[in-house]
Amino acid sequence: MAESSVIRRIHIGVELEAYRKAAGWSREQTAELLDCSLSKITKIENGDVAVKRAELLTMLEAYKAPEKQREELLQVAREAKNQQPLSMAGVAAPFRKARRLEAAASQLASFVAELVPGLLQTEDYMRAVIAAVSPDLPDDEVEARVRVRTERQNWLMSDRGPLLRAVLSEGAIRRLVGGKEVMRKQLLHLVEMEKRANIDFQVLPFSAGAHAAIGFTFTLMRFSSDSAPSTVYLEDLTTATYLDKPRDVDVYKVTFDRLQQVALSPADSVAMLETVLGELE
């Protein structure tokens, strides 16, 4: 199964949910309209099942979606037909929406203070992080989580992958996660990732002092269609928060811009990585 086929179905779900909310419809009302279960509407919006053409047409008509967007979604639906759902093995329930939104996003902007962003982690680094956060997790669940992150990375590095812009604290590249050898390979991986056209990261040095997101971590997800609102993803140990109101999203857009302004340039960031690598010899 091609990952891109799964992404098409997720894209449909994201857009249908956006149109439904804009039209003031509830999932219950849509289920009644289609004479189906509420769980089916949830699965369609989550991208877990393919939507039938007649169902899609009925929803788009009820939500008063623009004609051009209707034709585009019908084409996407044809391409996504009969595909399997996106794997959620190892993903806790509160974080599954983030997995779906990330897969449908065209742009990701992420600020991480303590760690290398998950999309840029090596497998050994992932395992060290998981072991620190969840030391009692069975080995099979650890590997399930590693597989999920690897799948996410494969999508990022595919021809259809999103643009990733990341700002990470200097602390993230100096913290010895997993020991010197694991960290050395992680930093070498970051140097290689910066060479990719769709990946751009900057290091926020300690010398920058207090900054616009001090004490916070967030990811801003943007989508190719205007109908799907940009979404801010916030995460803690047990729960996740999703913000898509324009006034909230705008705060994070401005904050990310400010972080980029005080962070090192990509070239200087790579130079700092190489300096830290030298210190690990």
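Residues numbered from 1 in each chain as written. Predicted model: local features only at pLDDT ≥ 70, side-chain atom pairs only at ≥ 80, totals over all residues. Heavy atoms only, no water.

K.L.:
Help me out: how do you make sense of the pattern of salt bridges in this one?
P.N.:
Where side chains of opposite charge bring their charged atoms close, a pairing between them can arise. Under the defined criterion, the tally for this structure stands at 16 salt bridges. One salt bridge connects Arg-27 with Glu-17, and the closest N-O pair in it is separated by 3.8 Å. Highlighted residues: Arg-27 in helix 2 (residues 27-34) and Glu-17 in helix 1 (residues 3-23), separated in sequence by 10 residues. Overall, Arg-27 belongs to the partly exposed group, its relative accessible area being 21%. Among the ionic pairs, Arg-174 bridges to Glu-279, the shortest N-O distance being 2.8 Å. Taken together, the residues Arg-174 in helix 9 (residues 170-174) and Glu-279 in helix 12 (residues 266-279) connect sequence positions 105 residues apart. Here the residues in one salt-bridge network are Glu-17, Arg-20, Lys-21, Arg-27 and Glu-45, joined through shared partners. (Salt bridge = Lys/Arg side-chain N within 4 Å of Asp/Glu carboxyl O. Helix = DSSP H or I, 4+ residues; strand = E, 2+ residues; numbered from the N terminus. Buried < 20%, exposed > 50% of the residue type's maximum accessible area, 1.4 Å probe, protein only.)

K.L.:
Honestly, the packing of helix 10 (residues 180-193) against helix 12 in this entry has me stumped. Any pointers?
P.N.:
Packed helix pairs are characterised by how far apart their axes lie and by the angle those axes make with each other. Interaxial distance between helix 10 and helix 12 falls to 10 Å at its minimum, and their mutual angle equals 160°. Overall, the two elements helix 10 and helix 12 adopt an arrangement that is roughly antiparallel. As for how helix 10 packs across helix 12, the hand of that crossing is left-handed. For the pair helix 10 and helix 12, the contacting residues are Arg-184, Leu-187, Leu-188, Leu-190 and Val-191 in the first and Val-270, Leu-273, Val-276 and Leu-277 in the second. By residue class, the composition of the contact of helix 10 with helix 12 is 8 nonpolar, no polar and 1 charged. (Axes fitted to C-alpha atoms, helices over the stretch in contact; angles between N-to-C directions. Parallel < 35°, antiparallel > 145°, perpendicular 65-115°, else oblique. Left-handed = near helix turned anticlockwise from the far one by under 90°. Contact = heavy atoms within 4.5 Å. Nonpolar A, V, L, I, M, F, W, Y, C, P; charged D, E, K, R; others polar.)

K.L.:
Sorry, what's going on with the environment of Arg-184 here?
P.N.:
With respect to the helices and strands, the residue Arg-184 is situated in helix 10. Distance from Arg-184 to Leu-280, taken between C-alpha atoms, is 6.7 Å for residues 96 residues apart in sequence. Contacts of Arg-184, omitting those with residues within four sequence positions, involve Leu-277, Leu-280 and Glu-281. There is a polar contact of 3.0 Å between the side chain of Arg-184 and the side chain of Glu-181. (Polar contact = N/O pair within 3.5 Å; in protein donor to acceptor, adjacent residues only side chain to side chain.)

K.L.:
Looking at this structure, I do not really get the packing of aromatic side chains. What am I missing?
P.N.:
Two descriptors summarise a pair of aromatic rings, namely the distance from one centre to the other and the angle between the planes of the rings. Taken as a whole and judged by the stated rule, the model has 5 aromatic pairs. Note on Trp-25 and Tyr-63: the rings are 5.9 Å apart at their centroids and 70° apart in plane angle, and the pair reads as edge-to-face. One end of the pair, Trp-25, is in the loop between helix 1 and helix 2; the other, Tyr-63, is in the loop between helix 4 (53-62) and helix 5 (67-80), and 38 residues separate them in sequence. Among the residues examined, Tyr-63 registers a relative accessible area of 5% and is labelled buried. Here the aromatic rings of Phe-218 and Phe-256 are separated by 6.4 Å at their centres, their planes lie at 80°, and the arrangement is edge-to-face. Linking Phe-218 in strand 4 (residues 218-222) with Phe-256 in helix 11 (residues 246-262), this pair joins segments that are 38 residues apart in sequence. (Phe/Tyr/Trp six-rings, centres within 6.5 Å; stacked < 30°, edge-to-face > 60°.)

K.L.:
Please explain the nonpolar core as it appears in this structure.
P.N.:
Looking at soluble globular proteins, one finds that nonpolar side chains tend to be buried together. Counting residues in each nonpolar core, the largest one holds 43 residues, and the members touching the most others are Leu-120, Ile-173, Leu-187, Leu-190 and Met-221. Take this core: its biggest share by element is 6 residues, from helix 10. Look past the residues within four positions of Leu-120 in its chain and what remains in contact with it is Gln-153, Leu-156, Leu-164, Gln-186, His-189, Leu-190, Met-193 and Ile-199. By size, the runner-up hydrophobic cluster in this structure holds 18 residues, among which are Tyr-19, Leu-34, Ile-41 and Leu-60. (Core = buried A, V, L, I, M, F, W, Y, C linked by side-chain atoms within 4.5 Å.)

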